[in-house]
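# Working through the structure, step by step
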Amino acid sequence: MKIKSVRARVFEWKGKTVPPQGNFCSNAMDLVYSKTESMSTFRFHSWTVVEIETDDGIVGLGNVALAPKIAKAIIDEYLAPLVIGQDPWDYEYLWQRMYRATHAWGRKGVTMGAISAIDLAIWDILGKSVNKPVFKLLGGRTKEKIPCYYSKLYRTDLAEMQKEAQTFKDQGFTAFKMRFGYGPAHLQHGVAENLKSVEAVREVIGYDADLMLECYMGWNLEYAKRMLPKLAKFEPRWLEEPVIADDIDGYAELNAMNIVPISGGEHEFSLYGFKQLLERKAVSVVQYDTNRVGGITAAHKINALCEAYSVPVIPHAGQMHNYHLTMSTIASPMSEYFPMFDVEVGNELFYYIFKGEPVAENGFVQLDDNTPGLGLTLNTEFLDQFNIVE
Ligand SMILES: O=C(O)[C@H](O)[C@H](O)[C@@H](O)CO
Ligand SMILES: [Mg+2]
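First, a word on scope: everything that follows refers to the structure included in this document. (Residues numbered from 1 in each chain as written. Chains lettered and ligands numbered in written order. Predicted model: local features only at pLDDT ≥ 70, side-chain atom pairs only at ≥ 80, totals over all residues. Heavy atoms only, no water.)

## Quick word on the coordination of the magnesium ion (ligand 2)
Using the following cut-off: Each metal site lists N, O and S donors within 2.8 Å (3.2 Å for Na, K and Ca). With water left out of the atoms, a site can look as if it is missing ligands. Each helix corresponds to a stretch of at least 4 residues labelled H or I by DSSP, and each strand to a stretch of at least 2 residues labelled E; elements are numbered beginning at the N terminus. The buried label applies to any residue whose accessible area, calculated with a 1.4 Å probe on protein chains only, is under 20% of its type's maximum; exposed applies above 50%, and partly exposed to all values in between.
The magnesium ion (ligand 2) binds to the protein through Glu214 (OE), Glu240 (OE) and Glu266 (OE); the donor distances cover 2.0 Å. On the primary sequence, the residues serving as donors to the magnesium ion (ligand 2) are separated as E-x25-E-x25-E. With glutamate 214 in strand S6 (residues 210–214) and glutamate 266 in the loop between strand S8 (262–264) and helix H9 (270–279), this pair connects stretches of sequence that are 52 residues apart. Comparing glutamate 214 with glutamate 266, the two get one shared label, buried.

Quick look at the structure:
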């Protein structure tokens, strides 16, 4: 079998989006003075979809949401020529070709996202060519079904957050991730607001549910050190991305305080990036995203590293490319889960582009033993709400 063609298209959402409201998510831009809404650079309203076709007509689907137009340019210009004419079963060889050919300017960020998209499509082909789901090629079914945590609860009006938490508690979720709205720039008022929001959500979900707290790189080391002792009484399962991804020493210092486990990884890339995080004990939970980190070829290696370090892997975002990794290793106890909503930050967009994404039932998602490949097809229902860039 040989790769015959690589097609990368950018799906630009032109449908309805929920406008940002107030301080709905602390983020890395909060620490930089700006007149625009700080979360604007973290909206994922476009997505690059990759279709790789083989000479015997199998089409594999890959995707990446980081800087979609740049990812497409990297695929078209540099990566496609490296894989066309090659055997997709030589996936490690192809991964190394892409990783090393772009090493002078790649390694992390959008290049690894582009490599991930190609690698996902290759693994989709592999599964389809032997009529097996991808997780069966990685280690098989390690769970009867995948426990998942409800992830949204952006910082809005506290009563709204409580209503949202109740709605999904009633749907059987026993784990919830909420977003802080405030950080160092908001002074003591922001500290109080942050604590109020955690208290409000805990009031609804109680203490026999897991609560995860998301900072999305919006704090700094000094602020996080002040916040951790104040958060301890709410028994969070983890505090996520308190500092920017490059501040590995900051992560390690916060994690070593042993007050609340620190999680991160959705903005880290490659096996080497996670080797650093693990050997420096920077995180207690690893959260790569398979469509960023280097695809399934890289994520599968990182799963093994996490198993060796006894650090749980709970990939960012849910989404089918991550579910196969969670299903295939005992190092991953659960998945993140974004329900389908109106398009807001953009994580939800995955449902509008692809069909086949599992819907959670009673706090679990299930993968089918008999659906070959990743189990995704393109969703034609919303195509008229996308501008597609070839
Ligand atoms: O952990 C997450 O789900 C991400 O950080 C979100 O995608 C981002 O939107 C911030 O909540
Ligand atoms: Mg996150």
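Picking up after the structure, the text goes on.
## Re the environment of asparagine 131
Looking at the element boundaries, asparagine 131 is found in the loop between helix H3 (110–129) and helix H4 (134–138). With 48 residues separating them along the chain, asparagine 131 and valine 83 place their C-alpha atoms 22 Å apart.

## So, helix H10 (residues 295–309)
Note the threshold: Any helix carries an expected span of 1.5 Å times its number of residues minus one. Only heavy atoms matter for contacts: two residues are in contact if any of them lie within 4.5 Å across the pair.
The end-to-end C-alpha distance of H10, which contains 15 residues, comes to 21 Å, matching closely the 21 Å that a straight helix rising 1.5 Å per residue would cover. Every buried residue of H10 is listed here: Gly295, Ile296, Thr297, Ala298, Ala299, Ile302, Asn303 and Cys306. Looking at the buried positions of H10, the neighbouring elements they touch are helix H2 (91–101), H3, H4, H9, strand S9 (285–286) and helix H11 (320–327). Trailing H10 by a residue or two, serine 310 shows a phi angle of about 55°, which is positive.

## Structural notes on the packing of aromatic side chains
In plain terms, the rule: Planes of paired rings set the category: under 30 degrees apart is stacked, over 60 is edge-to-face and the rest tilted, where pairs are Phe, Tyr or Trp rings (Trp by its six-membered ring) whose centres lie within 6.5 Å. Only when the NZ atom of a Lys or the CZ atom of an Arg is both within 6 Å of the ring centre and within 35 degrees of the ring normal do we say a charge sits over the ring.
Applying the stated rule across the entire model yields 21 aromatic pairs. Consider the rings of tyrosine 91 and tryptophan 123, whose centres lie 4.5 Å apart with planes at 50°: the pair is tilted. Separated by 32 residues along the polypeptide, tyrosine 91 in helix H2 and tryptophan 123 in helix H3 bring together distant segments of the chain. Given the relative accessible area of 26%, tyrosine 91 is considered partly exposed. Taken together, the ring pairs connect Tyr150, Phe168, Phe173, Phe176, Tyr337 and Phe341 into an aromatic cluster. In this arrangement the basic side chain of lysine 152 is found over the ring face of phenylalanine 341, its NZ or CZ atom lying 4.4 Å from the centre. Here the basic side chain of arginine 179 rests over the ring of tyrosine 154, its NZ or CZ set 4.6 Å away from the ring centre.

## A closer look at the site of ligand 1
Cut-off, in case you're wondering: One heavy atom within 4 Å of a molecule or strand makes the whole residue count as near it. Residues adjacent in sequence count toward polar contacts only when both atoms are side-chain atoms; beyond that, a polar contact is any pair of N or O atoms within 3.5 Å, and within protein one must be able to donate a hydrogen and the other to accept it. We get accessible surface area from the Shrake-Rupley algorithm with a probe of 1.4 Å; when it comes to residues, only the shown protein chains can shield them.
In the vicinity of ligand 1, the residues found are Tyr154, Lys177, Arg179, Glu214, Tyr216, Glu240, Glu266, His316, Glu336, Phe338, Val345 and Asn347. Between glutamate 214 and ligand 1, the recorded distance is 2.7 Å, taken from a side-chain N or O atom to an oxygen atom. Within the side chain of histidine 316, a nitrogen or oxygen atom sits 2.9 Å from an oxygen atom of ligand 1. When isolated, ligand 1 has an accessible area of 300 Å², and the protein chains bury 100% of it.

## Some remarks on the packing of helix H5 (residues 158–170) against helix H6 (residues 187–205)
Let me state the cut-off plainly: Axes here refer to lines fitted to C-alpha atoms; in helices the fit is confined to the stretch in contact. Angles between the N-to-C directions go from 0 to 180 degrees. Left-handed is the label given to a crossing in which the near helix is rotated counterclockwise from the far helix by less than a right angle, and right-handed is the label when the rotation is clockwise. When residues are sorted by character, Ala, Val, Leu, Ile, Met, Phe, Trp, Tyr, Cys and Pro go into the nonpolar class, Asp, Glu, Lys and Arg into the charged class, and all the rest, Gly among them, into the polar class.
Two elements in contact, H5 and H6, have axes separated by 9 Å at closest approach and are oriented at 30°. As H5 packs across H6, the resulting crossing turns out to be right-handed. Counting all contacts with H5, which are made through Leu158, Met161, Gln162, Ala165, Gln166 and Lys169, the residues of H6 involved are Lys196, Ser197, Ala200, Val201, Glu203, Val204 and Ile205. In terms of residue class, the contact of H5 with H6 is built from seven nonpolar, three polar and three charged.

## Remarks on the environment of proline 236
Tracing the backbone shows proline 236 in the loop between helix H7 (221–231) and strand S7 (238–240). Judged by its relative accessible area of 10%, proline 236 falls in the buried class. Discounting chain neighbours no more than four positions away, the residues touching proline 236 are Leu211, Leu213, Leu231, Val260 and Pro261.

## Observations concerning the pattern of salt bridges
Put simply, the rule is: For salt bridges, the criterion is a side-chain nitrogen of Lys or Arg within 4 Å of an Asp or Glu carboxyl oxygen.
All chains considered together, the criterion is met by 25 salt bridges. A salt bridge links lysine 69 to glutamate 12, with the shortest nitrogen-to-oxygen separation between them at 2.8 Å. Here lysine 69 is found in helix H1 (residues 68–83), whereas its partner glutamate 12 is found in strand S1 (residues 3–13), with 57 residues between them in sequence. On the basis of relative accessible area, glutamate 12 is assigned to the buried category, the value being 17%. A salt bridge links aspartate 342 to lysine 16; its shortest N-O distance comes to 2.7 Å. Of the two residues, aspartate 342 sits in the loop between strand S10 (335–337) and helix H12 (349–353) while lysine 16 sits in the loop between S1 and strand S2 (46–54), which places them 326 residues apart along the sequence. Classification of aspartate 342 as partly exposed rests on a relative accessible area of 37%. Where salt bridges share partners, they join Lys177, Arg179, Glu214, Glu240 and Glu336 into one cluster.

## Thoughts on the side chain of asparagine 27
Looking at the element boundaries, asparagine 27 is found in the loop between S1 and S2. On the accessibility criterion, asparagine 27 (0% relative accessible area) is buried. Among the polar contacts made by the side chain of asparagine 27, one reaches the side chain of serine 38 at a distance of 2.9 Å. Among all residues touching asparagine 27, those that are not within four sequence positions of it are Ser38, Met39, Phe42, Cys215, Tyr216, Met217 and Gly218.

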